[in-house]
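As a plain string of letters, each chain reads:
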Amino acid sequence: MTFDQVNSKMIEATVRPGQTLYCLRGAMLAYRGEVSFTPTSTGAQGVGGMIGRRLAGESVPLMKAEGDGTVMFGHAGRHVHLIQITGDTLHVEADRLLVFEDSLQQGTMFMGSQGGVRGMIRGQVTGQGLFTTTLTGHGWCGVLAHGGVIELPVQPGRSIHVDPQAYVAHRGQIDNRIGANVGWRDVIGRGSGEAFQLELSGTGTVYVQASEEKL
């Protein structure tokens, strides 16, 4: 299966017999060939993963694309960023997942396990909950963002601080925690919303959007 970037807000995927694409419901823009679309909530991980995602509050309506042809995907005019997963795990907010291959196993991870109470604070600050969606294996996925995405390497001893609303995803052996940065604007009641920062440390990559706007 192949993905091509049509422009910054659209991608085209090739679907072949015996392969399945999972996409955000309503994200199909156009297609060529004999392709069928079926609503689903299970993704590539089956019923067990579906139950786990619902308990985690990470359940997002999906659609299966199967057949023989090409499909163009996009959603609400947002930027689309393609990511290749090569045997590792990508952590991404469920509502940012535009499309992914069935060769990737979808699951959930409790963010509170990465820092205990700090993980709970992260859920409160970002409004994204205490869980995040994971994609593991070999394959491609497309994620949504405002204003495009940049990939920032995370190296030992050189942590990266990210505005929680600008965070899109991360991969690798990365620990995350919430830190406070109270400046003079916060003291006088003119906070910019940046009093909290998401600190990522370890080894890997963090994906950041060029906006503080939530999806």
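To be clear, the structure that these remarks concern was listed above.
Here's what I pulled together on the structure shown here. These figures come from a predicted structure and were not determined experimentally.

1. Quick word on the nonpolar core
At step 1: Within the largest apolar cluster, 20 residues are counted, with the highest numbers of intra-cluster contacts made by F3, I11, L21, F73, L98 and V99.
At step 2: Those elements that place two or more of their residues in this core are β2 (10-15), β3 (20-24), β5 (62-73), β6 (79-92) and β7 (97-101).
At step 3: Ranked by residue count, the leading element in this core is β5, at 4 residues.
At step 4: In this structure F73 touches K9, M10, I11, A13, L21, C23, A27, M28, L29, L98 and V99, once residues within four positions along its chain are discounted.
At step 5: Judged by nonpolar contacts, the second largest core, of 17 residues, contains F100, V143, V149 and Y207.

2. Remarks on the environment of L200
At step 1: The residue L200 is located in strand β13 (residues 196-209) in this model.
At step 2: By relative accessible area, which is 1% here, L200 ends up buried.

3. A few points about the pairing of β2
At step 1: Among the 6 residues that make up β2, 5 are buried, leaving the element largely enclosed by the rest of the structure.
At step 2: By the bridge criterion, 4 bridges tie strand β1 (residues 3-7) to β2 in an arrangement that is antiparallel. When the sheet's bridge partners are listed, Q5 is paired in β2 with I11.
At step 3: Remark: 2 residues form the turn of the hairpin made by β1 and β2, two consecutive strands paired antiparallel.
At step 4: Taken together, the 5 bridges between β2 and β5 define a ladder with antiparallel strand orientation. Across the sheet, the residue bridging to A13 is V71, located in β5.

What counts and what doesn't
Residues numbered from 1 in each chain as written. Predicted model: local features only at pLDDT ≥ 70, side-chain atom pairs only at ≥ 80, totals over all residues. Heavy atoms only, no water. Core = buried A, V, L, I, M, F, W, Y, C linked by side-chain atoms within 4.5 Å. Buried < 20%, exposed > 50% of the residue type's maximum accessible area, 1.4 Å probe, protein only. Helix = DSSP H or I, 4+ residues; strand = E, 2+ residues; numbered from the N terminus. Contact = heavy atoms within 4.5 Å. Pairing = 2+ DSSP bridges.

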